[in-house]
Amino acid sequence: MLSLLFMIGVIFWALYTWSRLRRAIHMLQQNSYRNERFLRWMKENRKKVFKKRDFIPIITALIAFVNFLDNVAILLFIALYLVLYLTRETGKEKKKLVVTARVKRLMVTTAIVVALIAGLSFYFELIYNVALVPLLLTYVVLTIVSYYVILLANTINMPIEKKIAQGYFDDAERIINESKNTEVIGITGSYGKTSVKHILHTILSSHANTLMTPESYNTKLGVTITVRNMLRPFHRFFIAEMGAKQENDIQEICDLVHQKYGILTAIGEQHLETFKTLDNIKKTKYELIDSLPDDGVGFLNKDDQNIMSRGPKSNARIVFYGIYADDLDYKAENIRVSNKGTSFDVVKKDGTRIEIQTKLLGEHNVYNILSAVAAASELGVPDKKISVASKKIQPVEHRMEIKKHSANITIIDDAFNSNPVGSKMALEVLGQMEGYKVLITPGMIELGEEEYNLNKKLGQHAAGVCDFVILVGKKQTVPLQDGLKEEQYPESQYYVAQNLDDAIAKMNEIAKENTIVLIENDLPDTFNE
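Everything numeric here is computed off the predicted structure, so don't read it as measured data.

Applying the stated criterion to the full structure yields seven aromatic pairs. Measuring from centroid to centroid gives 6.3 Å for Tyr 16 and Tyr 81, while their planes differ by 45°, and the two rings are tilted. In this pair, Tyr 16 is assigned in helix α1 (residues 2-30) and Tyr 81 in helix α5 (residues 70-86), connecting sequence segments 65 residues apart. A centroid spacing of 6.3 Å and a plane angle of 25° characterise the contact between Phe 38 and Tyr 147, whose relative ring orientation is stacked. Placement of Phe 38 in helix α2 (residues 35-44) and of Tyr 147 in helix α8 (residues 146-178) is noted, with a sequence separation of 109 residues between them. Taking the relative accessible area as the measure of exposure, Phe 38 reaches 0% and is therefore buried. Taken together, the ring pairs in this structure connect Tyr 16, Phe 77 and Tyr 81 into an aromatic cluster. Between Lys 220 and the ring centre of Phe 169, over which it is positioned, the NZ or CZ distance is 4.1 Å. In this structure, Lys 302 packs its charged tip against the face of Phe 320, placed 5.0 Å from the ring centre.

Locating Thr 265 in the fold gives a position in the loop between β4 (261-264) and α12 (272-275). Overall, Thr 265 belongs to the buried group, its relative accessible area being 5%. Among the polar contacts made by the side chain of Thr 265, one reaches the main-chain carbonyl oxygen of Tyr 191 at a distance of 2.7 Å. Beyond its immediate sequence surroundings of up to four residues, Thr 265 is in contact with Ile 187, Thr 188, Gly 189, Ser 190, Tyr 191, Gly 192, Lys 193, Val 196, Asn 301, Ile 307 and Tyr 321.

All right, on to helix α17 (residues 383-390) then. For α17, every residue scored as buried is listed here: Ile 386, Ser 387, Ala 389 and Ser 390. When α17 is viewed along its axis, its buried side chains cluster within an angular range of 165° and face the same direction. Here the buried face of α17 lies against α9 (193-205), β9 (353-358) and α16 (363-378).

Moving on: the nonpolar core. Ranked by internal contacts, the top residues of the largest apolar core, which has 44 residues, are Phe 6, Trp 13, Phe 38, Phe 77, Leu 136, Tyr 139 and Tyr 147. Elements with a minimum of two residues in this core: α1, α2, α4 (58-64), α5, α6 (101-128), α7 (132-144) and α8. Tallying contributions element by element places α1 first for this core, with ten residues. Aside from chain neighbours lying at most four places away, what touches Tyr 147 is Arg 20, Arg 23, Ala 24, Met 27, Phe 38, Trp 41, Met 42, Lys 48 and Val 49. Counting residues in hydrophobic clusters, the runner-up holds 38 residues, among them Ile 187, Phe 344, Leu 370 and Leu 379.

Thresholds applied
In every chain, residue numbers begin from 1 and rise along the written sequence. Residues qualify for local features only when their pLDDT is at least 70, as the model is predicted, and side-chain atom pairs are given and counted only at 80 or more; totals for whole chains, interfaces and linings, by contrast, use all residues. Working from all heavy atoms in the structure, the side-chain values ignore hydrogens and water. Note on ring pairs: Phe, Tyr and Trp rings are taken, using the six-membered ring of Trp, and paired if centres are within 6.5 Å. Classes follow the plane angle, with under 30 degrees stacked, over 60 edge-to-face and the rest tilted. The numbering of helices and of strands both runs from the N terminus, where a helix is a DSSP run of H or I of at least 4 residues and a strand a run of E of at least 2. Burial classification: accessible surface area is computed with a 1.4 Å probe over protein chains only, and a residue below 20% of its type maximum counts as buried, one above 50% as exposed, and the rest as partly exposed. A positively charged side chain is recorded as over a ring if its NZ (Lys) or CZ (Arg) lies within 6 Å of the ring centre. The angle to the ring normal must also be within 35 degrees. Two N or O atoms count as a polar contact when they lie within 3.5 Å, although within protein this holds only if one can serve as hydrogen donor and the other as acceptor, and sequence-adjacent residues are included solely when both atoms are side-chain atoms. Any two residues having at least one pair of non-hydrogen atoms within 4.5 Å are treated as being in contact. Taken from the helix axis, the directions to the C-beta atoms give the arc we talk about. For our purposes a nonpolar core is just a set of buried Ala, Val, Leu, Ile, Met, Phe, Trp, Tyr and Cys residues, chained together by side-chain atoms within 4.5 Å.

Dropping the structure here:
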């Protein structure tokens, strides 16, 4: 009878514990399956890792410690885990867990680890009739340390995952090497790379078959998946976006795709939590240009001081583009902005001009288009085709994307991953708009020791532009609040929201006729307060 009761309890325990394990897998996935990053996240989010409610079932072991109360302890065990399961966290996830083959392997390993520990504990209690206390404690502790169980399972799987990944990489490199007629263009930078990828794809596609890495497939594995699943012999160009969060990330992708062309959009303070210093960011971003072949071409933004603070180590030809610098190969002139978009002339070094008209707004988008025009021109796309294609360029989702929210509210959606330079440029665009200007932001993340100061500056800048500011997250936005206060921004003109839903509700409440709302950044689930 005791064993039957306990088995019922185990069912409810397993249901609740699995919900905790699944949440841990989700966070591991959002930390790129990297143990060091997952451990850092766990350290910074102890209240999520160790839920107070998970400690309540310890009381069952205390009750079982008293003679003749085993049935009471087990009945309470059943009741508690039933309640915990029914009241488990089921909040809305911004980015859902993607159940990939790797996740499935991780789930299997996790199930084996948990089953072994739980099963052995039950076996010893059943066969050797040991006290119930150690058995109950084993199950309760397994729930409490769910995140560490996932860490262990990921560590166990690491050799297998490395071997599988290497097989994928080798196959992708084979496909690249066999694609003799395909020229590879690599794009990297602290910001702008995704926009440049889409812009260049629009222009090159008007001339020849072109493939680009989809969405945010900008890691070595993401590029590998793209090559294996999508690259075909008829593709004339392959555009590979290259992201990095630590040194050598770009080099690994370059070693895979062997790019002939490389665009370096900008270098700034981003992911300082892992890079530590701006010099490390410069070195990593330059891996794209440094690894170009002698007959390759690198495209550099000459207006970017961080790019110009060091030179490439390859013998590839360098093409400079910009707006303000001298001696440019491609220069943007006669920039004109209206509510319909932006128009400007691209002036080549030989004096010829390409007229550009686009729906995109902001000086940063002039740079993005300019880099793509330079690359397309060097790749042989006629000036006329470039000019016509520029009119077809669409905003990238969540990157300064203008949307009509209601009759009186227009949203500038810049929710994808904010950075110091990009957020400043976005505020400048907001400042150019006519209407009641509102900013919604949780601030910027992964900026290491500079995070407070850079977010404070964002708050100070917002004070000079916005009619109303909505901050998302009480703890996360303390630096922005300090920046607003330092600029003596009226307390009645800003609001600290609990989450994005609360922020949107406040936006609708304070909106006036012709309200322009800039949504600057939307933090991933790992940063939810």
